[in-house]
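Residues per chain, in single letters:
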Amino acid sequence: MKFSKKEHKVFLNLCRLKQNGILGLMRATLTEKYGAKNVIATPHYIMAKGSIPVALVAHADTVFTLPPEEFFFDEEKNVIWSPDGLGADDRAGIYAILHIMKLGYRPHIIITTDEESGCIGASKLVGAYHIFPWDLKFMIQLDRRGKNDCVFYDCDNPDFEKFIEGFGFVTAWGSLSDISVLAPVWGIAATNLSVGYKEEHSTKEHLYVSALLDTIEKTSHNLDYVQKH
């Protein structure tokens, strides 16, 4: 699977934005697609109320102070990178959410800030909302390195882990992400799925486009299942 020319351009444009730019873009997009009354936006997080009781989570920051200016694409390997630091952690997650919305799905959306600085936006969110405000079965964070990982931290149970693995993911282990903060407070099962980047937090970071698109497809199947059941 590969990006179309338009999709490639969309992803690179996301990489060129700083955190506040991502927040502005997501607020405008969610307001357009979900309606202003269904969007809660602060400087620290954005939430949108959808019609599918699953929340997709991504963070608006990267570890890099400045966005990349130069990009390279290996068409044969289907890989994108930048000598400036690509920032696919977590621009890949933001892209995935935008793509899933473009396909017509309307899950709940959570966009956080400063995940790379210790999940600050997620901490602000649970400080303001001790209970998630809408019907919610589970959360999917789109912010894991690699290809087919699903990470649960302390947010899982055996049935949920088996359910997620049923979409083609393999359980792996990680240390911290936004759902590590959100899920225990809200008492909600959650998982973090691979979105194709590797060598994150370094200028060697690169994105395997096929892995990102594969996770988007699997997540869409997951949302289909929830809607039917």
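Attention in this report is confined to the structure presented alongside it. Computed from a predicted model, the values in this text were never measured in an experiment.

**Description of the packing of aromatic side chains**
Where two aromatic rings form a pair, the distance of their centres and the angle of their planes describe that pair.
Logical step 1: Inspection of every chain in the model, using the stated rule, returns 13 aromatic pairs.
Logical step 2: Ring centres of Phe72 and Trp81 lie 5.6 Å apart, and the angle between their planes is 20°; on these two criteria the pair is classed as stacked.
Logical step 3: Geometrically, the ring pair formed by Phe132 and Trp186 is edge-to-face, given 5.0 Å between the ring centres and 65° between the ring planes. With Phe132 in the loop between helix 4 (120-128) and strand 7 (138-144) and Trp186 in helix 6 (residues 178-186), this pair connects stretches of sequence that are 54 residues apart. Pair check on accessibility: Phe132 and Trp186 agree, each one buried.
Logical step 4: Grouping aromatic residues by their ring pairs yields a cluster made of Phe138, Phe152, Phe160, Phe163, Phe167 and Tyr225.
Logical step 5: In this structure, Lys218 packs its charged tip against the face of Phe169, placed 4.7 Å from the ring centre.

**Re the sheet that holds strand 12 (residues 206-208)**
Logical step 1: Taken in spatial order, the four strands make up an open sheet running 4-5-12-11, and their pairing is antiparallel. Unpaired on one side and paired on the other, strand 4 (72-74) and strand 11 (197-198) mark the two borders of the sheet.
Logical step 2: Bridge count for strand 5 (residues 79-81) against strand 12 is three bridges, and the pairing is antiparallel. Of the residues in strand 12, the one forming a bridge with Val79 is Tyr208.

**A few points about helix 2 (residues 19-34)**
Logical step 1: Its 16 residues give helix 2 an end-to-end C-alpha distance of 22 Å, which sits within 8% of 22 Å, the value for a rise of 1.5 Å per residue.
Logical step 2: Of the residues making up helix 2, those classed as buried are Gln19, Ile22, Leu23, Met26, Thr29, Leu30 and Tyr34. An end-on view of helix 2 places all buried positions within 140° of arc, on one side of the element. Turned more than 90 degrees off the buried face of helix 2, the exposed positions are Asn20 and Glu32.
Logical step 3: For helix 2, the secondary structure elements touched by its buried residues are helix 1 (5-15), strand 1 (39-41), strand 2 (45-48), helix 3 (88-102) and strand 6 (107-112).

**Quick word on the packing of helix 4 against helix 6**
Logical step 1: Direction vectors running N to C along helix 4 and helix 6 enclose 15°, while the axes themselves pass 8 Å from each other. In terms of axis orientation, helix 4 runs roughly parallel to helix 6. In terms of crossing hand, the pair formed by helix 4 and helix 6 is right-handed. Together, Ala122, Ser123, Leu125 and Val126 of helix 4 and Asp178, Val181, Leu182, Val185 and Trp186 of helix 6 make up the contact between the two elements.

Parameters at a glance
Residues numbered from 1 in each chain as written. Predicted model: local features only at pLDDT ≥ 70, side-chain atom pairs only at ≥ 80, totals over all residues. Heavy atoms only, no water. Phe/Tyr/Trp six-rings, centres within 6.5 Å; stacked < 30°, edge-to-face > 60°. Helix = DSSP H or I, 4+ residues; strand = E, 2+ residues; numbered from the N terminus. Buried < 20%, exposed > 50% of the residue type's maximum accessible area, 1.4 Å probe, protein only. Lys NZ or Arg CZ within 6 Å of the ring centre and 35° of its normal. Pairing = 2+ DSSP bridges. Expected span 1.5 Å × (residues − 1). Arc of directions from axis to C-beta. Contact = heavy atoms within 4.5 Å. Axes fitted to C-alpha atoms, helices over the stretch in contact; angles between N-to-C directions. Parallel < 35°, antiparallel > 145°, perpendicular 65-115°, else oblique. Left-handed = near helix turned anticlockwise from the far one by under 90°.

Nothing here speaks to function; it is geometry throughout.
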